[in-house]
Amino acid sequence: MHRFRCILHCRAVCRGFPARPQLRMTLQDRPVASVPDRFLSTHGQNELRWDLMPDQIKCKTDKLIQKITQMYDNVGALDPDEVSFENTLKALADAKMEYAAFRHILDFPQYVSPCREVRHASTEADRKLSDFDVELSMREDIFQRVLALQSKQPDLKSEAKRFMERLVRLGRRNGLHLSKDVQEEIKSTLKLISKLCIDFNKNLNEDDTHLLFTVDELGGMADSYMKGLERIEDGRFRVTLKYPHYFPLMKRCHVQETRRRMETAFHSRCKEVNTAILEQLIPLRARVARLLGFSSHANYVLAVNMAQNSATVARFLDEFHAALKLAGKQELRYILELKRRECEEMGRTFDGQIHAWDMPYYMNQVEQVKFAVDKDKLIEYFPLEMVTQGLLSIYQDLLGLTFWQVPNAHVWHDTVSLYSVQDTASGEEIGQFYLDLHPSDEPDWAGFRLAPMVLSSREGKYGHAACFGLQPGGLGPDGRRRRPVAAMVANFTKPMASWPSLLQHHEVETFFHEFGHVMHEICSRTDYVEFSGTLVETDFVEVPSQMLENWVWEKEPLQRMTQHYKDGSPIPDSLLDKLIASRVANMGQLPLPADRLMNLRQVVLSKVDQALHTKPSADTAEEFARHCRDILGIPATPGTNMTASFSHLAGGYDGQYYSYLWSEVFSMDIFFSRFKKEGVMNPKVGMEYRKVILEAGGSVDGADMLKAFLGREPSQEAFFQCKGLPQLGESG
């Protein structure tokens, strides 16, 4: 399951506008129930609509553009001598709030609607709004009014001052201080970049590639997996490339040819069309960076991150790679020996090499060999309903929140739930979130009836797991606080009449990660939408969600989210201890090849991203193959191009994929320095974390938040200890 949040707002080419999105249940410790009558006036439906027809999406898109244009025109028409906080800064803040509050009912359906026509209309709305984002970002008249206000040195609150300084900085980053000719070239190029990014992701969302296999070709797969597959008339099974199908097969199927076919297909998704798009994006991004005075696109995007420049990122990645290199080679030899033994036992020819389709399979074997973790038995204790109950209970207790399920909620599909989030101490509703956890085989929605089909995933639904910010928090034009709304979208196996939805442990980790982003969105208490929720530095945005992954490796939280799907019995201590040991053993004690090799793969992806965005052009398939060969020691499969389906490169992480490793330095420091020492379920520490890290959103620099919560400068010590590595120099 995809562990990474998809940045679909405010990480667009302009880095300044919210471009693209962003039954009674009783928990063990407290209920999550339907909202009681006394709360319905304030704890009920939000104003977001998900039943718009294609023509309505088009009409509302045009009206929103007209309305926001007029609000900006009003500011742009001001006499520079007459600008003030009220008529300039607050007016722009109100326009941004209005825009962000209504935009995502138009561009979010492309990721979740079961109706192809609606998805298409939403994608077209996204194109139009993304062009509009560029227009807004290039408004020189607005930039000049903000500069005029800044020159007056108004007495502003700290967040208002930060907002003004951000507008000035964004104006310069968009070239509004340059000549008209240069501005026009930047504008036209940014619009083309935006269009290409939308096309890249649309191609991936609509990809429906599948393969057919016999029972024998799926040897090694668990009953729970086989029961979730469609069986066609000739007896073969239909296997898609969606995560719930792909990753379990790659880890468990002992038929090499099946794994080879799946891996080849997976890394050939949209190969022709998206390779062409990506290799257009690279020179276009480089051109804009040069026009703005930067040596590369990477240096352009990194200038507003914690890392500041590509040299710092290169040093961080090189140091981490150097620390992993020897262990990586040893562990590659270890899994090669596992392969040799298996080939000998099964009477197969041993080719003396680990291929890309071997890596997940033998990494999974490592856990069984070293720690005897019975994955088939383990999954029986993670029914999705119980995991959801436990997760919601843990987050409530840790952060001082109460969740209420909204009855008869207006949603985009009948499998989606809406929850109201209340501050437990004050009773105030602080936000709402949707959970869209399942694929679906019922594509009937909003008056459209599609051709009958049996699919493992909802047609056109976003294929990974992600948090989408749907409505930011902040102060509205009337001074009243607007509550944030977010959605978690995932593709966990849908329960059937004869079989529940059972999660693998890494899927539980994904659930905690993405829900951590949801809490970042919901707990934010900023005045300006510009800083709401996850709108922080890109290399800080993963810190809160990565930190919260640690709870799926701790005994008390695990006990709260597990029970056997048949009889409700608790997970045996022996099984739980082996699971925890499979992680703890790597913390400076025993080597764990799976973890080290996965970290090396993260280095590969980070370096590929940096290579693509520090050059004026690139052969994307060759760059990926070269880094796999040089760093991982495992060749990319000939004829494939993983970067064509590397959605981060067109989803806001261009030049910034290193952020996952970079953020992990800080997330480990937070967890081991505070929560592990003071109690993983300590509500006092949890509330301090909520106040200092989550509520601040982007209104405070990430480095300052870390110092405030840790009481000192952040350190790499916990990060390197967790990797079983010696600590190296500071990352900068």
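Residues numbered from 1 in each chain as written. Predicted model: local features only at pLDDT ≥ 70, side-chain atom pairs only at ≥ 80, totals over all residues. Heavy atoms only, no water.

Asks: For helix α9 (residues 243–252), give the residues involved together with the corresponding values.
Replies: In an α-helix, one full turn covers 3.6 residues, which means residues spaced three or four apart are oriented alike. By the criterion of burial, α9 is predominantly enclosed, with 8 of the 10 residues buried. Those residues of α9 not exposed but buried are Tyr-243, Pro-244, His-245, Tyr-246, Pro-248, Leu-249, Met-250 and Arg-252. Each element contacted by the buried residues of α9 is listed here: α8 (223–226), β5 (237–240), α10 (256–266), α14 (359–371) and α15 (375–379). (Buried < 20%, exposed > 50% of the residue type's maximum accessible area, 1.4 Å probe, protein only. Helix = DSSP H or I, 4+ residues; strand = E, 2+ residues; numbered from the N terminus. Contact = heavy atoms within 4.5 Å.)

Asks: Just give me the short version of the environment of Thr-643, but keep the residues and values in it.
Replies: Structurally, Thr-643 can be placed in the loop between α22 (620–632) and α23 (659–678). According to the relative accessible area criterion, Thr-643 is buried, its value standing at 1%. Once the C-alpha coordinates of Thr-643 and Arg-269 are considered, the two residues, 374 residues apart in sequence, prove to be 9.6 Å apart. Among all residues touching Thr-643, those that are not within four sequence positions of it are Phe-200, Leu-278, Val-608, Thr-620, Phe-624 and Leu-649. Within the structure, the side chain of Thr-643 is placed 3.5 Å from the side chain of Thr-620, a separation counted as a polar contact. (Polar contact = N/O pair within 3.5 Å; in protein donor to acceptor, adjacent residues only side chain to side chain.)

Asks: Can you break down the packing of α23 against helix α25 (residues 702–710) residue by residue, with the values?
Replies: The relative placement of two packed helices comes down to the angle between their axes together with the axis-to-axis distance. In contact at an axis separation of 10 Å, α23 and α25 are set at 15 degrees when each is read in the N-to-C sense. Classified by the angle their axes make, α23 and α25 are roughly parallel. In the crossing of α23 with α25, the sense of the turn from one axis to the other is left-handed. Contact residues: α23 offers Phe-666, Asp-669, Ile-670, Ser-673, Arg-674 and Phe-675, while α25 offers Leu-706, Phe-709 and Leu-710. Its residues placed into classes, the contact of α23 with α25 shows 6 nonpolar, 1 polar and 2 charged. (Axes fitted to C-alpha atoms, helices over the stretch in contact; angles between N-to-C directions. Parallel < 35°, antiparallel > 145°, perpendicular 65-115°, else oblique. Left-handed = near helix turned anticlockwise from the far one by under 90°. Nonpolar A, V, L, I, M, F, W, Y, C, P; charged D, E, K, R; others polar.)

Asks: Help me get a handle on the nonpolar core, residues and values and all.
Replies: Tyr-434, Phe-515 and Trp-551 are the most contacted members of the largest nonpolar core, which totals 192 residues. The greatest single-element share of this core, amounting to 10 residues, is contributed by α23. (Core = buried A, V, L, I, M, F, W, Y, C linked by side-chain atoms within 4.5 Å.)

Asks: Lay out unusual backbone geometry with the relevant residues and their values.
Replies: Despite not being glycine, Cys-270 has its phi angle at roughly 50 degrees, a positive value. For Cys-270, a relative accessible area of 14% gives the class buried. For Gln-308, which is not a glycine, the phi torsion comes out positive at approximately 80 degrees. Considering the arrangement of structural elements, one finds Gln-308 in the loop between α12 (297–302) and α13 (310–346).

Asks: Explain the confidence of the model for the protein chain to me, using residue names and the numbers behind them.
Replies: Confidence along the protein chain averages 89 in pLDDT terms, with 89% of residues attaining 70 or more. Scored below 50 in pLDDT, residues 1–31 shows 163 contacts in the model against residues more than four places distant or in partner chains. Taken together, the stretch residues 441–456 has pLDDT below 50 and engages in 39 contacts with residues farther than four places along the chain or on a different chain. (pLDDT = per-residue confidence, 0-100.)

Asks: With reference to specific residues and values, describe the pairing of strand β6 (residues 401–405).
Replies: When you tally the buried positions in β6, you get 5 out of 5 residues, the bulk of the element. Of the two faces of β6, both are covered, the one formed by Leu-401, Phe-403 and Gln-405 as well as the one formed by Thr-402 and Trp-404. The pairing of β6 with strand β7 (residues 417–423) spans 5 bridges and is classified as antiparallel. Paired with Trp-404 across the bridge in β7 is Ser-420. (Pairing = 2+ DSSP bridges.)

Asks: Outline the pattern of salt bridges, supporting the account with residue identities and numerical values.
Replies: Considering all chains together, one arrives at 57 salt bridges under this definition. Lys-128 is the partner of Asp-62 in a salt bridge, and the nearest nitrogen-oxygen pair spans 3.0 Å. Of the two residues, Asp-62 sits in helix α1 (residues 54–76) while Lys-128 sits in helix α4 (residues 116–137), which places them 66 residues apart along the sequence. Using a relative accessible area of 34% as the deciding quantity, one classes Lys-128 as partly exposed. Two residues, Lys-607 and Asp-318, come together in a salt bridge whose shortest N-O distance is 2.6 Å. Residue Lys-607 is found in helix α21 (residues 593–612), and its partner Asp-318 is found in helix α13; the two are separated by 289 residues along the sequence. (Salt bridge = Lys/Arg side-chain N within 4 Å of Asp/Glu carboxyl O.)

Asks: An account of the sheet that holds β6 is requested, with residue identities and associated values reported.
Replies: One open sheet accounts for 5 strands, arranged β6-β7-β8-β14-β11; its pairing is mixed. Each having just a single partner strand, β6 and β11 (466–471) make up the two edges of the open sheet. Mean inter-strand twist for the sheet, computed between neighbouring axes without regard to direction, equals 25 degrees. Strand direction decides the pairing type here: β7 and strand β8 (residues 429–436), joined by 6 bridges, are antiparallel. When the sheet's bridge partners are listed, Val-421 is paired in β8 with Gly-431. Running at roughly 170 degrees to strand β14 (residues 485–489), helix α17 (residues 505–523) makes contact with β6, β7, β8, β11 and β14 of the sheet.

Asks: Describe in detail the side chain of Arg-269, supporting the description with residues and values.
Replies: As for its position among the elements, Arg-269 is in the loop between α10 and α11 (271–291). Although Arg-269 lies buried, it forms no salt bridge, and the closest oppositely charged side chain, Asp-207, sits 5.3 Å away as judged by the N-O distance. From its side chain, Arg-269 meets the backbone oxygen of Phe-266 in a polar contact 2.8 Å long. Looking at Arg-269, its side chain comes within polar contact range of the side chain of Ser-645, at 3.3 Å. (Lys, Arg positive; Asp, Glu negative; His and termini not counted.)

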